[in-house]
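Structural features, examined
Letter by letter, the chains look like this.
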Amino acid sequence: MTTPSAATPSSTAPGQAHGPAPAQAAAPGGRRGSLGPVGLVLAGGISVQFGGALAVTLMPRAGALGVVTLRLLVAALVLMVLCRPRLRGHSRTDWGTVIVFGVAMAAMNGLFYQSVARIPLGPAVTLEVLGPLTLSVLASRRALNLVWAALALTGVFLLGGGGFSGLDPLGVAFALGAGAMWAAYIVFSARTGRRFPQADGLALAMAVAAVLFLPLGVLESGTKLLDPTTFALGAAVAVLSSVLPYTLELLALRRLPASTFAILMSLEPALAATAGFLILDQTLAATEAAAIALVIAASMGAVRTQVGRGRRGKTAGGS
């Protein structure tokens, strides 16, 4: 998921359903001393994907909707306690923005977890990342991005074995839907970040998402959610997939350029495939590994094209 500190859609690059958008938090910095922030971002990405793998192991106990409910509920409680957002003094537009942000967050998580209940984690994240990639290509409006889009589509074609015969079609549809919601999430995270200080908007949106999902989780899982082991594992998913990554990335973004952050986020499918292999014993065929590599390359290319365009615009504006 994204973003305590929001970015504009054009500066947000593909990355899961899930580290902060960098524009406002990132400060320009040189290459010296960048290893620390890069390490923090990579640690956050690893945490997200291993949290997702843990969530898959929890699904037989609580169901996909139940796992999402536990993740959102625990993350919302932790963020509300840490951020203690102010509830008064906000306009109707402010509240409308944060509510839509919360709806996008709930839908993104719900669709993604329905996907990983049906298809392996690596392919699911690869399909999901097409949402932010599409947003980046559309925001850039450069001919070169058609190359990156074609590269990504080639990867998707390979991933589906020429027709997705090797993947559950419903799981594929859920992953693509999660990607669309991820793109919406990026847009509204930017708007929320402009209207709320620090991580207040994120905490409120997380609470909205948790409230929306609670009835669905109760309907599917009922009293299973109250089982101590199930709740503890759900809390671990929330910490690994939400709380810990946000903290690490916020620390990193104080010194890490936005462009570097965005490129690192493009590695999410590879991290997901690794987590799926180590925890879930989900192996990838050679074509699937090549497909993931193509989507990662397309994501990185789109990011670099967008960053290069921004730098040329600044140079032209200053001359």
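Keep in mind it's a predicted model, so treat the numbers as computed, not measured.

Criteria and thresholds
Residues numbered from 1 in each chain as written. Predicted model: local features only at pLDDT ≥ 70, side-chain atom pairs only at ≥ 80, totals over all residues. Heavy atoms only, no water. Axes fitted to C-alpha atoms, helices over the stretch in contact; angles between N-to-C directions. Helix = DSSP H or I, 4+ residues; strand = E, 2+ residues; numbered from the N terminus. Left-handed = near helix turned anticlockwise from the far one by under 90°. Contact = heavy atoms within 4.5 Å. Nonpolar A, V, L, I, M, F, W, Y, C, P; charged D, E, K, R; others polar. Core = buried A, V, L, I, M, F, W, Y, C linked by side-chain atoms within 4.5 Å. Buried < 20%, exposed > 50% of the residue type's maximum accessible area, 1.4 Å probe, protein only. Salt bridge = Lys/Arg side-chain N within 4 Å of Asp/Glu carboxyl O. Phe/Tyr/Trp six-rings, centres within 6.5 Å; stacked < 30°, edge-to-face > 60°. Lys NZ or Arg CZ within 6 Å of the ring centre and 35° of its normal.

So, on to the packing of helix α2 (residues 92–116) against helix α3 (residues 121–128). Where α2 meets α3, the axes come as close as 9 Å, and the angle between the chain directions of the two elements is 145°. For the crossing formed where α2 meets α3, the hand is right-handed. Between α2 and α3, the contacting residues are Met 108, Phe 112, Ser 115 and Val 116 on the first element and Leu 121, Ala 124, Val 125 and Glu 128 on the second. When its residues are assigned to classes, the contact of α2 with α3 shows six nonpolar, one polar and one charged.

Counting 64 residues, the largest nonpolar core has Met 105, Phe 112, Tyr 113, Leu 121, Tyr 185 and Met 206 as the members making the most contacts within it. Top element by residues in this core is helix α1 (residues 35–83). It accounts for 16 residues. Not counting residues up to four positions away in its chain, the partners in contact with Tyr 113 are Ala 55, Met 59, Ala 64, Val 67, Val 68, Arg 71, Val 237 and Ser 241.

Before going further, it helps to spend a moment on the pattern of salt bridges. Scanning the entire structure with this criterion turns up two salt bridges. Among the ionic pairs, Asp 227 bridges to Arg 61, the shortest N-O distance being 2.9 Å. Highlighted residues: Asp 227 in the loop between α7 (200–221) and α8 (228–252) and Arg 61 in helix α1, separated in sequence by 166 residues. Measuring nitrogen to oxygen at the nearest pair gives 2.7 Å for the salt bridge that ties Arg 195 to Asp 94. Here Asp 94 lies in helix α2 and Arg 195 lies in helix α6 (residues 169–195), a separation of 101 residues in the sequence. Residue classification places Arg 195 among the partly exposed positions, given a relative accessible area of 37%. On the basis of relative accessible area, Asp 94 is assigned to the buried category, the value being 10%.

For Ala 236, the position within the fold is in helix α8. Sequence spacing of Ala 236 and Ala 75 is 161 residues, and the spatial spacing of their C-alpha atoms is 9.9 Å.

The tally for this structure, following the rule as stated, stands at three aromatic pairs. Where Phe 101 meets Tyr 185, the ring centres are 5.0 Å apart and the plane angle is 50°; that geometry is what we call tilted. Here the residue Phe 101 occupies a position in helix α2, and Tyr 185 occupies one in helix α6, the gap between them amounting to 84 residues. Judged by relative accessible area, which is 1%, Phe 101 ranks as buried. You can call Tyr 185 buried: its relative accessible area is 0%. The ring of Phe 188 is capped by Arg 191, whose NZ or CZ atom sits 4.9 Å from the centre of that ring.

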